[in-house]
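# Reading the structure
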Amino acid sequence: MVLIPHLIALGLYALATALVLAPFAGLRPAPRGLTLGVPLAGVVAHALGVARLTPFHGVAPTLSLLALFLVALQVVSEGAFRASAVGVFTGPLATGLIGLALLIGFAPAAPPPAGAEPSPWSILHITVSLLGLALLALAFAAAALYLLQFRELKAKRFGQVFRLFPPLERLDRLNHLALVMGFPTVTLGVLLGFGVRYAGGAHVDAAQVVWGMLTWLVLGWAVGVRVVRHWVGRRAAFASIASFAAVLLVYLALKLSAPGTQRFL
Amino acid sequence: MSIAVFGVNHRTAPLEVRERFAHAARDVPGSLERVLAAGAGGGVLLSTCNRTEFYLNEPADTVPEAVWAILAERLGDGRGAREYGYAHRDRDAVRHLYRVSSGLDSMLLGESQIQGQVREAWEISKGQAGPVLHRLFQSALLVGARVRSETGLGTGAASAPSAAVTLAGKIFNRLAGRSALILGAGDMAELAATCLASEGVRVTLVANRSYERAQAIAEALGARALSLDEAWEHFGEADIVLTSTAAPHAVVTWERVASAIARRGDRPLCILDLAVPRDVEPAVGQLENVFLYDIDDLQAVAAQAAAERRSEIPAAERIVTEEVERFWAWYGGLAVVPVLKEVRDRLERTRAAELERALRRLAHLSAEDREQIEHLTHALLNKFLHRPTVALKEAAQAGRGYGLLEALKKLFDLERPDGG
């Protein structure tokens, strides 16, 4: 069964999101065991659902896998960085993605023709690329939290953002780590994609290649200024947000030029 | 059977009086000895800058006088101590200690230092506490820990110096190992520096208009002394700057520190201006990656935390009430055992005496018949005592045993050695 684990994960992600957002509505923050445990339980249920997605084909499985990576990274951020506020972004996003996947439906409208099912290399390409994308989304979330906390600290506003968001330096480190891990992962995903393409396993438009390379360069710039030029803090956060925005814009542009639910890209 | 507390605290006595009542650790056993000699089964003396309290088990009627006399001696000017004091007994005494250990009775609501002070008092008085107070203090520490973990009573920085730690902690990931520069020699800066040092911040430089004064503070904090004019360059290195000079105008100006701060690149700088009037020109706070806070900001953070703590009082009081009942049930049960034993012993002696008298009159009975009669008397005694024993134990466990126990003592005349 694919549907039931996905529904359980949807419920748990929604609950985890509510737990993260509740203190912003003036409610008492949930104990750490809950902010860690609920999404973790969701990840376990979700992973069981994703493991049964065969054939791995179409937009819905891809959205589901992306949501899984996002929440898994949210759990890691809370566990290793005590940054549950990351869930402010990843929680609603993952809940929305898995909800959208359920709406689209996991059963492909037109199953791939015999002999054209995704190869293990193709699945590896998708998995690695989505993990890279999730890491970039985490870098974006950490950068956005950084800028919000920075603004509150500069403006001397000691409200919920001040209280509930992690310290600036911790957010900066999380952003740095997610970015430097995300870029090589995305690069590996792209290389695997080329391999799959030249092995004849998938069709890729020239526009996809060109825009993909440009996006990759923007990402490389964001990582470069951090690693080579040692940007930290606000400048690095802006660079990270700009690079993730580039990824999103290019994806949306490509998707709008070739709509459909059969392929993620 | 009773527990009592006699003492003074920040609500009932001014600082000048509390200072004199305060006991150093070495004085505690002597004062306790005197109180125990007046008639008490055990005692613990809790003495901090905000309270001096004698917790006593089974205090005789003469004990309060002994306590007030010890404290009056410390005043040393003929004034009585009783007018500053209070007394709580039984459940109220237990509740009082639990509120103290939870920080509910502290001057700064929810402060955690009191937990360590309660532990220290218990450890110093261990030899004189006795089993009941031993258990009471052990449970008080657990109640304090429970209140802190289950409510938000101890969260946030509820004082201006600790707010300095909170603010710096929202900029830096870890405060341990950060370097701090202190400008001026105000008390508030020293307090805040102590708070930061307790988090692992290294005070590396102290600058003051008077170099000698800077040297004195620097020595105390293990730092290097500077003159004020030498300090501006160090804005490029320190992570935290605490200012508290007595200057009538801003001494930290944009012109003096902007170039040093520019050298920092993207590294943040936290400036805590604790002086009134302010030491730091507001323009300095406009510099990129400079986070400037004055005393009003610190007080705003502290007031917010204090308000949050106040909202946690009902939840903390509920835990205290629950734990008082739990302790009282244990205490009631503890008192039941010796009384029941005494009742049983007394009835057993009566049974044995009456049986012996009866058997003397029934000399013709066989050994087997005698044994049957003895068995009958045992069975009757057990049957008669069973229901009252169970009822008393149940009442004690529910915390209602005290009245029944007193009634039992009276009915069986247990106060006298032989019961008449």
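Helix and strand counts for chain B stand at 15 helices and 10 strands. For a compact globule of 420 residues, the expected C-alpha radius of gyration is about 22 Å, and chain B comes in at 32 Å, more than 25% above that figure. Along the first, second and third principal axes, the C-alpha atoms of chain B reach 120 × 50 × 30 Å. Across the 420 residues that make up chain B, the buried fraction comes to 40%.

The helix and strand inventory of chain A stands at nine helices and zero strands. Going from N to C terminus, chain A has its helices and strands arranged as α-α-α-α-α-α-α-α-α. The C-alpha atoms of chain A give 19 Å as radius of gyration, which agrees with the globular expectation for 265 residues (18 Å, within 12%). Taking the principal axes of its C-alpha atoms as reference, chain A extends roughly 60 × 45 × 30 Å. Here chain A holds 265 residues, and 43% of them are scored as buried.

Residue and element names in this part refer to chain B. Of all seven residues in strand β6 (residues 202–208), five are buried; the element is thus mostly enclosed. One ladder, built from five bridges, connects strand β5 (residues 179–183) with β6; its direction is parallel. The residue bridging Ala180 from the neighbouring strand is Val203, located in β6. Here β6 runs beside strand β7 (residues 224–227); their pairing, made up of four bridges, is parallel.

Another aspect to go through is the environment of His88 of chain B. Residues and elements named next belong to chain B. Turning to its location among the elements, His88 is positioned in strand β4 (residues 86–89). Separated by 33 residues in the primary sequence, His88 and Tyr55 place their C-alpha atoms 9.5 Å from one another. Leaving out residues up to four positions away in the same chain, His88 has contacts with Ala4, Val5, Ala93 and His96.

Note on soluble globular proteins: their nonpolar side chains tend to be buried together. Counting 129 residues, the largest nonpolar core has Ala134 and Ala142 of chain A together with Leu196 of chain B as its most contacted members. With 19 residues, helix α5 (residues 120–155) of chain A is the largest single contributor of residues to this core. Those residues in contact with Ala134 of chain A that sit more than four places away from it in its chain are Leu66, Phe69, Leu70 and Leu73 of chain A. Among the nonpolar cores identified, the runner-up in size contains 52 residues, and Ala66, Ala93, Trp122 and Val143 of chain B belong to it.

Each partner contributes residues to the interface: chain A has 15 residues there, and chain B has 15 residues. Those elements that provide at least two residues to the side of chain A that touches chain B are α5, α7 (168–198) and α9 (233–257) of chain A. Counting residues per element, the side of chain A that touches chain B draws most heavily on α7 of chain A, at four residues. A class-by-class count of the residues in the side of chain A that touches chain B yields seven nonpolar, one polar and seven charged.

Residues and elements named next belong to chain B. Taken in spatial order, the four strands of this open sheet run β2-β3-β1-β4, and their pairing is antiparallel. In the strand order of this sheet, the two ends are held by β2 (42–47) and β4, each with one partner. Here the average twist between neighbouring strands, direction ignored, is 15 degrees. Relative to strand β3 (residues 51–57), strand β1 (residues 3–9) runs antiparallel, the two sharing seven bridges. Bridge pairing in β3 places Ala4 opposite Leu56. Where helix α4 (residues 91–102) meets the sheet, it contacts β1, β3 and β4, and its direction lies at approximately 50 degrees from that of β1. Helix α6 (residues 126–150) rests against β1, β2 and β3 of the sheet, and its axis sits at about 60 degrees to β2.

Quick look at unusual backbone geometry now. Each neighbour pair has its own omega, and for Val276 of chain B with Pro277 of chain B the value is -5 degrees, a cis peptide bond. Position of Pro277 of chain B relative to the elements: it lies in the loop between β9 (269–273) and β10 (290–294). For Arg82 of chain A, which is not glycine, the phi dihedral falls at a positive 50 degrees. Checked against the element boundaries, Arg82 of chain A lands in the loop between α3 (59–81) and α4 (87–104). For Lys156 of chain A, which is not glycine, the phi torsion reads 55 degrees and is therefore positive. Tracing the backbone through its elements, the reader meets Lys156 of chain A in the loop between α5 and α6 (160–164). Under the C-beta neighbour-count criterion, Lys156 of chain A is labelled partly exposed, with 17 such atoms within 10 Å.

Each domain of chain B was delimited in the assignment, giving domain 1 (3–154), domain 2 (160–308) and domain 3 (328–411). The centre of domain 2 of chain B, based on its C-alpha atoms, is set 75 Å off from the matching centre of domain 3 of chain B.

Residues shown with low pLDDT carry predicted positions that ought not to be read at fine detail. Scored by pLDDT, chain B has a mean of 89; 97% of the residues are at 70 or more. Taken over the whole predicted complex, pTM reads 0.72, whereas the ipTM for its chain interfaces reads 0.86.

Next up on the list: the confidence of the model for chain A. Per-chain confidence: chain A averages 89 in pLDDT, with 91% of residues scoring 70 or above. The least confident element of chain A, judged by mean pLDDT, is helix α8 (residues 206–227) of chain A at 88; the most confident is helix α1 (residues 3–21) of chain A at 95.

Below, the discussion takes up the domain arrangement of chain A. Residue and element names in this part refer to chain A. Taken as a whole, chain A is organised into domain 1 (1–117) and domain 2 (139–265). A separation of 20 Å is found between the C-alpha centroids of domain 1 and domain 2. Listed by partner, the interface residues are 15 residues for domain 1 and 15 residues for domain 2. Looking at the side of domain 1 that touches domain 2, the elements that each hand over two or more residues are α3 and α4. Looking at the side of domain 1 that touches domain 2 residue by residue, the classes come out as 10 nonpolar, four polar and one charged.

Below, the discussion takes up the sheet that holds strand β8 (residues 240–243) of chain B. All names here are of chain B. The strand order across the open sheet built from six strands is β7-β6-β5-β8-β9-β10, with neighbouring strands paired in parallel fashion. This sheet does not close on itself; its edge strands, each paired only once, are β7 and β10. Across the sheet, the mean angle from the axis of one strand to that of its neighbour is 20 degrees, orientation sign disregarded. Bridge count for β5 against β8 is four bridges, and the pairing is parallel. Pairing of Leu183 across the sheet is with Thr243, part of β8. Helix α7 (residues 160–169) rests against β8, β9 and β10 of the sheet, and its axis sits at about 160 degrees to β9.

For the rest of this paragraph, the subject is the pairing of β3 of chain B. Within β3 of chain B, seven of the seven residues are buried, which leaves the element mostly enclosed by the surrounding structure. In sequence, β2 of chain B turns back onto β3 of chain B through a hairpin of three residues.

Bringing α5 of chain A into the picture now. For α5 of chain A, spanning 36 residues, the distance from its first C-alpha to its last is 52 Å, which sits close to the expected 52 Å at 1.5 Å a residue. Looking one or two places after α5 of chain A, you find Lys156 of chain A, whose phi comes out positive at around 55 degrees.

Calculation criteria
Residues numbered from 1 in each chain as written. Chains lettered and ligands numbered in written order. Predicted model: local features only at pLDDT ≥ 70, side-chain atom pairs only at ≥ 80, totals over all residues. Helix = DSSP H or I, 4+ residues; strand = E, 2+ residues; numbered from the N terminus. Rg over C-alpha atoms; globule rule 2.2 N^0.38 Å. Buried ≥ 20, exposed ≤ 12 C-beta atoms within 10 Å, placed from the backbone. Pairing = 2+ DSSP bridges. Contact = placed C-beta atoms within 7 Å. Core = buried A, V, L, I, M, F, W, Y, C linked by C-beta atoms within 7 Å. Nonpolar A, V, L, I, M, F, W, Y, C, P; charged D, E, K, R; others polar. Axes fitted to C-alpha atoms, helices over the stretch in contact; angles between N-to-C directions. Domains from an automatic or database assignment. pLDDT = per-residue confidence, 0-100. Expected span 1.5 Å × (residues − 1).

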